[in-house]
Amino acid sequence: MNTTRRALLAAGASLALARPALAQAAPKVVVIGGGFGGATAARALHRGGLDVTLVEVNPTYVACPFSNEVIAGLQPMAAQRFGYEGLARAGIRVVHAAATGIDAGARRVTLADGTTFPYDRLVLSPGIDLRFDAIPGYDEAAAARMPHAWKAGEQTLLLARQIEAMPEGGTVVLAVPGNPYRCPPGPYERASLIAHVLKTRKPRAKLILLDAKDTFSKQRLFQSAWATLYPEQIEYVPLAEGGQVSAVEPDAMIVRTDFAEYKADVACIIPPQRAGRIAIVAGVADRSGWCPIDPVTFESRLVPGLHVIGDAAIAGAMPKSAFSANAQAKVCAAAVIDLLAGRAPETPKLINTCYSLVAPGYGISIAGVYHPAGGVLADVEGAGGISPVDAPRSLREQEALYAADWYRTITRQVFG
């Protein structure tokens with residue numbers, strides 16, 4: 001996004017240029033999903049002078065970033081919860097209801113109570129749904145014994161309680177799915193912080209990390225830190241060594257792979273995922289379960305007039321993270337404003353930075369810059385990078401502070 005575009009969005013309602021149809025009525029945009037993507041898009045569209053309705057079923061948003069700290073007892077659950085009063089005060093119409101139908105032809109959204117909202121453009125930010133059909137034995141009932149904790153909330157607290165109650169010398173089994181899934185480094189941050197709990201409170205206990213792949217985000221950084229901090233706590237089993245979970249038995253607390261059987265005291269099973277349900281209803285998800293989009297506008301390649309941002313989108317090299325969702329929302333909102341004004345959207349560049357906490361006061365990060373290329377979002381060569389593997393402890397401490405600052409800043413900007 002260039003300087004002119006940023007200035008336009010910042011100035012918002014005072015700029016007639018961003019109000020293409022205000023002589024009559026402002027174009028209507030409905031945003032479904034009030035997470036980091038949807039709430040950011042609603043704010044940016046509203047600042048652009050559009051008539052915005054944000055549809056979000058829950059009255060309180062529970063953030064996934066930093067929820068691993070809740071599991072480790074390093075952060076209270078209250079720090080993950082955010083209301084929508086700030087968006088309402090900003091003038092955005094916030095409706096707490098489930099969207100159940102989308103008529104793309106008539107350009108109309110239907111809610112569970114039968115209420116309908118017409119739109120000129122629709123932005124979907126539905127997040128992810130968990131595929132409870134992917135691992136034999138693992139369904140919603142099994143998640144009450146073997147929590148995924150991949151949607152923050154009660155599952156987060158359940159896993160925290162189980163680890164707290166686990167006997168000394170016990171075993172935690174953590175299962176990681178294959179790509180793509182929400183927050184690529186999240187499972188490894190979780191393994192790190194659980195290992196910190198074991199090391200400091202139950203030193204004879206261990207964590208077995210079963211991975212359905214052989215490589216992962218920030219792998220060298222994580223494994224270097226594990227060798228230093230948690231050599232007795234973490235046992236890593238990649239795909240090549242039989243790390244893919246083939247079935248679970250919740251009653252017996254058994255996790256199976258094709259090569260071994262693991263008896264767990266605590267089992268955290270993160271199943272494969274797909275775009276949230278409303279994306280399926282809208283017809284914007286393809287056979288992969290995710291949503292192909294135009295990388296310039298985030299308009300669906302399957303249903304014109306609908307835009308998909310955040311975890312649900314197929315965003316090429318850009319990972320499914322809160323930072324990505326926030327960046328995509330701003331680009332998408334600018335494109336929607338241009339399209340409704342009859343202008344061609346500008347070609348964007350997007351940034352993502354992802355922090356992970358390996359231990360209290362020990363952070364690592366990865367950053368990337370992306371641009372449309374070949375019909376997808378691709379890495380800008382030479383941009384971005386990761387924390388140095390041989391960095392001094394002072395840099396790890398600084399990155400932990402950056403991570404906390406990032407969380408405070410983005411949640412304040414998005415939710416007010």
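If you're wondering where the values come from, they're calculated on a predicted model, not measured in any experiment.

Q: In this structure, what is going on with the sheet that holds strand β1 (residues 28-32)? I would like to understand it.
A: The strands making up a sheet are joined through hydrogen bonds of the backbone, oriented either antiparallel or parallel. Strand order in this open sheet of five strands is β5-β2-β1-β9-β20, and the pairing throughout is parallel. Looking at strand neighbours, the two that pair on one side only are β5 (93-95) and β20 (306-308), the edges of this open sheet. Taken over all neighbouring pairs, the strand axes of this sheet differ in orientation by 20° on average, direction set aside. Across three bridges, the pairing between strand β9 (residues 121-124) and β20 is parallel. Its bridge partner lying in β20, L122 is registered against L306. Of the strands in this sheet, β1, β2 (51-55) and β9 touch helix α2 (residues 36-47), which is tilted by about 165° from β2. Packing of helix α9 (residues 322-340) onto the sheet brings it into contact with β1, β9 and β20, and relative to β9 it is tilted by some 170°.

Q: When you look at the nonpolar core in this model, what are you seeing that I'm missing?
A: Judged by nonpolar contacts, the single largest core of 110 residues is most densely connected at I32, L45, I102, L124 and W226. When residues no more than four places from it in sequence are discounted, the contact partners of W226 are Y188, A191, S192, L209, F216, P231, I234 and Y236.

Q: Can you walk me through the pairing of strand β6 (residues 99-103) in this structure?
A: Remember that side chains alternate between the two faces of the sheet whenever the strand is regular. Across four bridges, β6 lies against strand β7 (residues 108-111) in antiparallel orientation. Paired with G101 across the strands is T110, a residue of β7. Hairpin geometry of β6 and β7 is characterised by an intervening segment of four residues between the two adjacent antiparallel strands and by a positive phi of about 55° at R107.

Q: Is there a simple way to think about the pairing of β7 in this case?
A: Only one face of β7 is buried: it carries V109 and L111, and the other face, with R108 and T110, is open. Once β7 ends, the chain turns through four residues before running back antiparallel as strand β8 (residues 116-118), passing G114 with a positive phi of about 95°.

Cut-offs and rules
- Residues numbered from 1 in each chain as written.
- Predicted model: local features only at pLDDT ≥ 70, side-chain atom pairs only at ≥ 80, totals over all residues.
- Heavy atoms only, no water.
- Pairing = 2+ DSSP bridges.
- Helix = DSSP H or I, 4+ residues; strand = E, 2+ residues; numbered from the N terminus.
- Axes fitted to C-alpha atoms, helices over the stretch in contact; angles between N-to-C directions.
- Contact = heavy atoms within 4.5 Å.
- Core = buried A, V, L, I, M, F, W, Y, C linked by side-chain atoms within 4.5 Å.
- Buried < 20%, exposed > 50% of the residue type's maximum accessible area, 1.4 Å probe, protein only.

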